[in-house]
Amino acid sequence: NAGVTQTPKFQVLKTGQSMTLQCAQDMNHNSMYWYRQDPGMGLRLIYYSASEGTTDKGEVPNGYNVSRLNKREFSLRLESAAPSQTSVYFCASSELAAEQYFGPGTRLTVT
Amino acid sequence: GESVGLHLPTLSVQEGDNSIINCAYSNSASDYFIWYKQESGKGPQFIIDIRSNMDKRQGQRVTVLLNKTVKHLSLQIAATQPGDSAVYFCAEIGMDSSYKLIFGSGTRLLVRP
């Protein structure tokens, strides 16, 4: 099992550009999450999907949209990137509340 | 509101010594707490968890203690090894039913050889 995979690993965008971060899990988990992690800080929840077909806002949803494409895939879209969105983005999945499995992260820089 | 924080941003210990990483939480109604380890360039990795009806839980070389009276959580690592060098986060489950984790800002553990 690959666990949680994310693409791309690195991305540089110019202000105003758009992009989609991809996430997939092969553990048959119902719930999936997107977090951002800024330097020296913990993870903050952007959006989550408790189950296929549902999505909800987390702590910092502004400037982002998500799509739960199917049970395996949960994508995060930046429609118009801003420098404040420079961060490392982590996708996670879980079956139970506690043990979320994290992907390796996408390092995004917006200039 | 809900918040989880850590007392010390960096902890330096001698290899072989025991490490204690502390965490304070503010929501006395939180039911579930988790410790994650994050190595450089990687995603967080689950270490151990504890429910609010427990005071202590032990894993392999790790012990989590929960003091609900003072809303304090600690992670103890026995015989700290170089591979334990990482950032450690405590997290609590949010109060709604969505299983949202609320993370603290993290403590960096440095193991001296």
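Overview of the structure. The numbering scheme is per chain: residues are counted from 1 as the chain's sequence reads. Throughout, the order in which chains and ligands are written sets their labels, letters from A for the former and numbers from 1 for the latter. Local features in this predicted model are restricted to residues whose pLDDT is 70 or higher, and side-chain atom pairs enter the listing and the counts only when it is 80 or higher, whereas totals over whole chains, interfaces and linings include all residues. To obtain the side-chain values, all non-hydrogen atoms of the structure were used and water was disregarded.

### Looking at the interface of chain A and chain B
Turning to step 1, where the next piece is worked out: Taken together, the 19 residues of chain A in the interface contact 19 residues of chain B.
Turning to step 2, where the next piece is worked out: When chain A packs against chain B, close to 1,500 Å² is buried across both sides, 62% of that on carbon and sulfur atoms.
Turning to step 3, where the next piece is worked out: Any carboxyl oxygen of Asp or Glu within 4 Å of a side-chain nitrogen of Lys or Arg constitutes a salt bridge here. Taken together, chain A and chain B are joined by 0 salt bridges.
Turning to step 4, where the next piece is worked out: Counting residues per element, the ones that place at least two in the side of chain A that touches chain B are strand 4 (31–37) and strand 5 (43–49) of chain A.
Turning to step 5, where the next piece is worked out: A helix here means a DSSP run of H or I that spans at least four residues, while a strand means a run of E at least two residues long, and both kinds are numbered starting from the N terminus. A per-element tally of the side of chain A that touches chain B places strand 4 of chain A first, with 4 residues.
Turning to step 6, where the next piece is worked out: Just so you know the grouping, Ala, Val, Leu, Ile, Met, Phe, Trp, Tyr, Cys and Pro go in nonpolar, Asp, Glu, Lys and Arg go in charged, and all remaining residues, Gly too, go in polar. By residue class, the composition of the side of chain A that touches chain B is 11 nonpolar, 6 polar and 2 charged. Contact criterion: two residues are considered in contact whenever any of their non-hydrogen atoms come within 4.5 Å of each other. Defined in terms of a 1.4 Å probe, buried area is the accessible area two parts forfeit on being brought together, summed over both.

### Some thoughts on the state of the cysteines
Turning to step 1, where the next piece is worked out: By convention in this document, the label disulfide applies to cysteine sulfur atom pairs within 2.5 Å. By the definition in use, this model includes 2 disulfides over all chains.
Turning to step 2, where the next piece is worked out: The disulfide partner of C23 of chain A is C91 of chain A, and the gap between their sulfur atoms is 1.8 Å. Across the S-S bond linking C23 of chain A and C91 of chain A, the dihedral sits near -70°, which makes this disulfide left-handed. Of the two residues, C23 of chain A is situated in strand 3 (residues 19–25) and C91 of chain A in strand 9 (residues 87–94); the sequence distance between them amounts to 68 residues.
Turning to step 3, where the next piece is worked out: Each residue is placed in one exposure class: buried if its accessible area under a 1.4 Å probe, protein chains only, is under 20% of its type's maximum, exposed if it is over 50%, and partly exposed if it falls in between. C23 of chain A gets classed as buried once you look at its relative accessible area, which sits at 3%.
Turning to step 4, where the next piece is worked out: The exposure class assigned to C91 of chain A is buried, which follows from its relative accessible area of 0%.
Turning to step 5, where the next piece is worked out: For C23 of chain B, the disulfide goes to C90 of chain B, at an S-S distance of 1.8 Å. Judged by the sign of its S-S torsion, about 50°, the bond between C23 of chain B and C90 of chain B is right-handed. On the criterion of sequence distance, the pair formed by C23 of chain B in strand 3 (residues 19–25) and C90 of chain B in strand 9 (residues 86–93) is long-range, its members being 67 residues apart.
Turning to step 6, where the next piece is worked out: Taking relative accessible area as the criterion, C90 of chain B reaches 0% and is therefore assigned buried.

By themselves these figures say nothing about function.
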